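# Structural characterization, general
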Amino acid sequence: MIARADIPAPAGMLAELTHRCPLGCPYCSNPAELEKPASELDTATWKRVFSEAAAAGVLHVHLSGGEPCVRADIAELTAHCAQVGLYTNLITSGVGLTRKLFDALVDARLDHLQLSIQDAEASSADRIAGYDGAFARKSEVARWTVEAGLPLTINAVMHRANIARAARMVEMAVELGARRIEVAHTQYYGWGLVNRAALMPSREETEKAVAAVEDLRKTHEGRIVIDHVVPDYHARFPKACMSGWGRRTFNVTPSGKVLPCHAAETIPGLEFWNVRDRSVAAAWYDSPAFNAYRGDAWMKEPCRSCERKAIDFGGCRCQALALTGDACNADPICEKSPRHATVGAIASNESASGAIDYRYRRLNAKA
């Protein structure tokens, strides 16, 4: 176990204020078993959590969900974050965000707004979201944000239904006045894993989209920042998931569980502490779940002797579990993993299925 003195202070926090959301995006990273509204932390508890997070060293908080704007106290929580010195980023679908609420958030000193878009074509975007009229509302919210002088980030998740328009989505972000766009290929956790057969693009589609987005980096250099999260299933090496387990950021679920990452609950046997019972600092430094995969003592070969272990930290523990059955195995996305070939086979089989029927993410849906 790593000594407390050797654990860096947390820098970021993802606050999942609720799992309620008007959209049904089939790639949503929320767990397939969504937490019910009755289990959500109340306003006073969230305020305490944000105060403890700031005291522990957290600099920025992402107010997320679900759709955080369904919480009646979202402006009050935003104002409290500002009071304790936290930089706030609202991660929103835009749906349900009225002009009155938007103005209240600006008055509460919201620092940044991150808006999701599902496609560059309205009909396709609304189908993916499972919500008619979502595309039009997003454009309106983007306009409000830019007019208010708030930094705007566009988040665009790539998959089979929209990957042919990856470049167009970047151009759309420029037209909306965004300062940054995150082009994120679907991560197959939560509802993304449930819908993997309907979401997985082919290698050819993926490579074409990656090349188009990379070309646009040069075209729009100095005008917009393009963060490109490359697709796992067609990669040679894994990403440093969460910048390493328990190294920089953490999640708090609607009911108060403190997680090292959004999918950590898929790993059996981990003990997650709850902010109802423990402080944020205690959960970060001392909880069994956070210490389970810190450092490299848990690693098996080929990770343990690999020169990349301080770069990618063995990749994603949740993905290793999902694809190999053991969270301590090397992430099979890595070409050094003895199971790497199985990833390519899954990608080929799923992308060849041609399925486009989604199991939409709903609070009462059965995954």
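Higher on the page you've got the structure.
Overview of the structure. (Residues numbered from 1 in each chain as written. Predicted model: local features only at pLDDT ≥ 70, side-chain atom pairs only at ≥ 80, totals over all residues. Heavy atoms only, no water.)

Helix H12 (residues 317-324) sits mainly inside the fold: 7 of its 8 residues count as buried. If you check which residues of H12 are buried, you get Arg-317, Cys-318, Gln-319, Ala-320, Leu-321, Leu-323 and Thr-324. Lining the buried residues of H12 we find helix H8 (196-199) and helix H13 (340-351). Looking one or two residues past H12, Gly-325 carries a phi angle of roughly 90°, positive in sign. (Buried < 20%, exposed > 50% of the residue type's maximum accessible area, 1.4 Å probe, protein only. Helix = DSSP H or I, 4+ residues; strand = E, 2+ residues; numbered from the N terminus. Contact = heavy atoms within 4.5 Å.)

This next bit is on helix H4 (residues 122-129). Listing the buried residues of H4 in full gives Ser-124, Ala-125, Asp-126, Ile-128 and Ala-129. Among the residues trailing H4, Gly-130 stands out with phi positive, at a value near 70°.

Moving on to the sheet that holds strand E7 (residues 225-229). The 9 strands are arranged E7-E6-E5-E4-E3-E2-E1-E8-E9 in an open sheet whose pairing can be described as mixed. Pairing within the sheet leaves two strands with one partner each, and these edge strands are E7 and strand E9 (258-259). Contacts between helix H9 (residues 203-219) and the sheet are confined to strand E6 (180-185) and E7, with E7 contributing the most and set at about 155° to the helix. (Pairing = 2+ DSSP bridges. Axes fitted to C-alpha atoms, helices over the stretch in contact; angles between N-to-C directions.)

Now for the environment of Ser-123. Considering the arrangement of structural elements, one finds Ser-123 in helix H4. For Ser-123 and Gly-133, which are 10 residues apart along the polypeptide, the C-alpha to C-alpha distance reads 8.8 Å.

What follows covers the pairing of strand E5 (residues 152-158). Looking along a regular strand, one sees side chains alternate from face to face of the sheet. For E5, a buried count of 7 out of 7 residues is recorded, marking the element as mostly surrounded by other parts of the structure. On E5, burial covers both faces: Leu-152, Ile-154, Ala-156 and Met-158 on one face and Thr-153, Asn-155 and Val-157 on the other are all buried. Note that E5 and E6 share 6 bridges and pair parallel. Along E6, the bridge assignment pairs Val-157 with Ala-184. Chirality of the crossover, the property in question, places the unit of E5, helix H6 (residues 166-176) and E6 among those that are right-handed. (Right-handed = clockwise from strand over helix to strand, strands pointing away.)

In this chain, Gly-65 is followed by Gly-66 through a cis amide linkage whose omega measures 10°. Note on placement: Gly-66 falls in the loop between strand E2 (60-64) and helix H2 (74-83). Between Glu-301 and Pro-302 the backbone carries a cis peptide bond, its omega angle lying at 5°. Of note in the backbone geometry, Arg-109 takes a positive phi value of approximately 70° without being a glycine. Note that Arg-109 resides in the loop between helix H3 (99-107) and strand E4 (112-117). A positive phi angle, near 55°, is found at Phe-313, a position not held by glycine. Here Phe-313 is to be found in the loop between helix H11 (288-291) and H12.

For Gln-319, the location among the structural elements is in helix H12. Overall, the relative accessible area of 2% leaves Gln-319 in the buried class. Side chain to side chain, Gln-319 and Asp-331 meet in a polar contact 3.2 Å long. In this structure Gln-319 touches Tyr-189, Asp-232, Tyr-233, Asp-331, Pro-332 and Ile-333, once residues within four positions along its chain are discounted. (Polar contact = N/O pair within 3.5 Å; in protein donor to acceptor, adjacent residues only side chain to side chain.)

Residues Met-13, Trp-46, Phe-50, Leu-63, Ile-154, Ile-181 and Phe-250 are the most contacted members of the largest nonpolar core, which totals 65 residues. Discounting residues that sit within four places of it in the chain, Met-13 has contacts with Trp-46, Val-49, Phe-50, Ala-53, Val-58, His-60, Val-61, His-62, Phe-250 and Val-252. Membership of the second largest hydrophobic core comes to 20 residues, among which are Ile-267, Cys-303, Cys-316 and Leu-321. (Core = buried A, V, L, I, M, F, W, Y, C linked by side-chain atoms within 4.5 Å.)

What follows is about the pattern of salt bridges. Oppositely charged side chains are able to pair whenever their charged atoms sit close together. All chains considered together, the criterion is met by 25 salt bridges. A salt bridge links Glu-40 to Arg-71; the nearest nitrogen and oxygen atoms lie 3.4 Å apart. Taken together, the residues Glu-40 in the loop between strand E1 (12-16) and helix H1 (43-56) and Arg-71 in the loop between E2 and H2 connect sequence positions 31 residues apart. Take Glu-40 and Arg-71: they sit in the same class, and that class is buried. Residue Asp-232 pairs with Lys-239 through a salt bridge whose shortest N-O separation is 2.4 Å. In this structure Asp-232 comes out as buried when scored by relative accessible area, which is 7%. Classification of Lys-239 by relative accessible area gives partly exposed; the value is 27%. The network of salt bridges with common partners includes Arg-20, Glu-40, Arg-71 and Asp-73. (Salt bridge = Lys/Arg side-chain N within 4 Å of Asp/Glu carboxyl O.)

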